[in-house]
Amino acid sequence: MRAAIFASGNGSNFEAIAKSNELKNAGLEIEVLVCDQPDAHVIQRAQKYHIPVLVVKLSDYPNRGLYEQAIIEKLIPLKIEYIFLAGYMRVVTPVLLGKYPKRIINIHPSLLPKFSGLEAIERAFASGDEVTGVTIHYIDEGVDTGPIIKQNKVVRLKNDTVDSLAQRIHQTEHQMYRQVILDLLNKNNGVDKK
Ligand code: GAR
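Keep in mind it's a predicted model, so treat the numbers as computed, not measured.

**Considerations on the UniProt feature "active site" (unreviewed entry) in the protein chain**
Right, on to step 1. Cross-referencing UniProt, the feature "active site" (unreviewed entry) maps to His108 in the present numbering.
Right, on to step 2. By relative accessible area, His108 is classed as buried at 4%.

Have a look at this one:
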């Protein structure tokens with residue numbers, strides 16, 4: 001499977017996917033990292049794994065549609081089949097969605113539909129909820145909406161701080177994203193593991 005990963009920041013999810021031999025052996029080929037932030041740490045992570053990086057800044061385009069069109073033109077020759085959003089902090093428009101329908105998957109650090117949007121972990125912590133979690137879903141035109149593929153709970157411990165809770169959420173994310181992609185690869189390879 002030829003994939004592009006889109007990310008805007010730290011890139012721990014990107015790296016969890018990129019370093020996985022299990023995914024590689026199952027046929028995952030990460031053709032490119034698409035990043036909208038020229039200074040994002042995820043770019044260094046991609047370089048470490050020799051994955052090509054495409055930096056595209058929204059501010060270089062008059063609108064989001066043309067920005068996405070510019071990305072699509074770079075993705076077409078790479079024959080990208082799936083796009084994995086991994087901390088990509090932009091809403092995807094019908095331009096990209098129309099080109100890759102049901103082929104764009106996102107990860108979000110809450111049990112959607114709760115705490116969609118920015119700073120989900122901080123808002124879940126502040127809410128006092130005893131259980132939060134992670135959602136992986138196909139995207140649609142909304143913010144963190146679209147058909148859910150997998151949700152896992154993360155329990156808030158008595159002495160948790162935002163940071164300790166965030167750390168466990170990120171660990172859960174890394175395992176979950178690898179598993180969801182593995183399931184997708186196996187499904188596409190005709191292996192039914194369930
Ligand atoms: C992750 O927690 C991801 O779920 C979240 O951004 C973080 C990126 O971390 N995404 C969203 O909030 C999307 N709405 P990372 O850069 O270390 O992978």
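**Brief notes about the UniProt feature "binding site: (6R)-10-formyltetrahydrofolate" (unreviewed entry) in the protein chain**
Right, on to step 1. Feature annotation in UniProt assigns "binding site: (6R)-10-formyltetrahydrofolate" (unreviewed entry) to the following positions: Arg64 and Asn106.
Right, on to step 2. When you line up the elements, Arg64 lands in helix H4 (residues 64-75).
Right, on to step 3. The class for Arg64 is partly exposed, based on a relative accessible area of 41%.
Right, on to step 4. If sequence neighbours within four positions are ignored, Arg64 has contacts with Leu58, Val91 and Thr93.
Right, on to step 5. Mapped onto the elements of the fold, Asn106 is located in strand E5 (residues 104-108).
Right, on to step 6. We classify Asn106 as buried; its relative accessible area is 7%.

**Quick word on the site of the ligand**
Right, on to step 1. Around the ligand, the neighbouring residues are Asn10, Gly11, Ser12, Asn13, Gly87, Met89, Ile107, His108, Pro109, Asp144, His170 and Glu173.
Right, on to step 2. In this structure, a nitrogen atom belonging to the ligand sits 3.1 Å away from a side-chain N or O atom of His108.
Right, on to step 3. Protein chains shield 89% of the accessible area of the ligand, which is 450 Å² for the free molecule.
Right, on to step 4. Residue assignment for the shell around the ligand shows that the elements contributing at least two residues are helix H1 (12-18), E5 and helix H7 (162-188).
Right, on to step 5. Of the residues belonging to the shell around the ligand, the class tally is three nonpolar, seven polar and two charged.

**Focus: the packing of aromatic side chains**
The description of an aromatic ring pair rests on the distance of the ring centres and on the angle between the ring planes.
Right, on to step 1. One pass over the full model with this rule turns up four aromatic pairs.
Right, on to step 2. Note on Phe84 and Tyr177: the rings are 6.1 Å apart at their centroids and 80 degrees apart in plane angle, and the pair reads as edge-to-face. Here Phe84, found in strand E4 (residues 82-85), pairs with Tyr177, found in helix H7; they are 93 residues apart in sequence, far enough to count as distant.
Right, on to step 3. By the ring-pair criterion, three or more aromatic residues cluster together here, those being Tyr82, Phe84 and Tyr177.
Right, on to step 4. Between the NZ or CZ atom of Arg156 and the centre of the ring of Phe125, over which it lies, the distance is 3.8 Å.

**Quick word on the sheet that holds E4**
Right, on to step 1. Pairing is mixed in the open sheet, where seven strands are placed in the order E3-E2-E1-E4-E5-E6-E7. Edge positions in the sheet fall to strand E3 (53-55) and strand E7 (148-155), since each of these pairs with one other strand and no more. Taking the axes of each pair of neighbouring strands and ignoring which way they run, one obtains an average angle of 20 degrees across the sheet.
Right, on to step 2. Relative to E5, E4 is paired through three bridges, and the arrangement is parallel. Of the residues in E5, the one forming a bridge with Leu85 is Asn106.

**What about the environment of Gly87?**
Right, on to step 1. Tracing the sequence through the fold places Gly87 in the loop between E4 and helix H5 (94-99).
Right, on to step 2. Along the backbone, Gly87 and Ile71 are 16 residues apart, and their C-alpha atoms lie at a distance of 17 Å.
Right, on to step 3. Beyond its immediate chain neighbours, meaning those up to four positions away, Gly87 contacts Ala7, Ser8 and Gly9.

Quick notes on the rules
- Residues numbered from 1 in each chain as written.
- Predicted model: local features only at pLDDT ≥ 70, side-chain atom pairs only at ≥ 80, totals over all residues.
- Heavy atoms only, no water.
- UniProt positions renumbered as here; feature names shortened; annotations may be inferred.
- Buried < 20%, exposed > 50% of the residue type's maximum accessible area, 1.4 Å probe, protein only.
- Helix = DSSP H or I, 4+ residues; strand = E, 2+ residues; numbered from the N terminus.
- Contact = heavy atoms within 4.5 Å.
- Near = heavy atom within 4 Å.
- Polar contact = N/O pair within 3.5 Å; in protein donor to acceptor, adjacent residues only side chain to side chain.
- Areas by Shrake-Rupley, 256 points an atom, 1.4 Å probe, with all protein chains shown as cover.
- Nonpolar A, V, L, I, M, F, W, Y, C, P; charged D, E, K, R; others polar.
- Phe/Tyr/Trp six-rings, centres within 6.5 Å; stacked < 30°, edge-to-face > 60°.
- Lys NZ or Arg CZ within 6 Å of the ring centre and 35° of its normal.
- Pairing = 2+ DSSP bridges.
- Axes fitted to C-alpha atoms, helices over the stretch in contact; angles between N-to-C directions.

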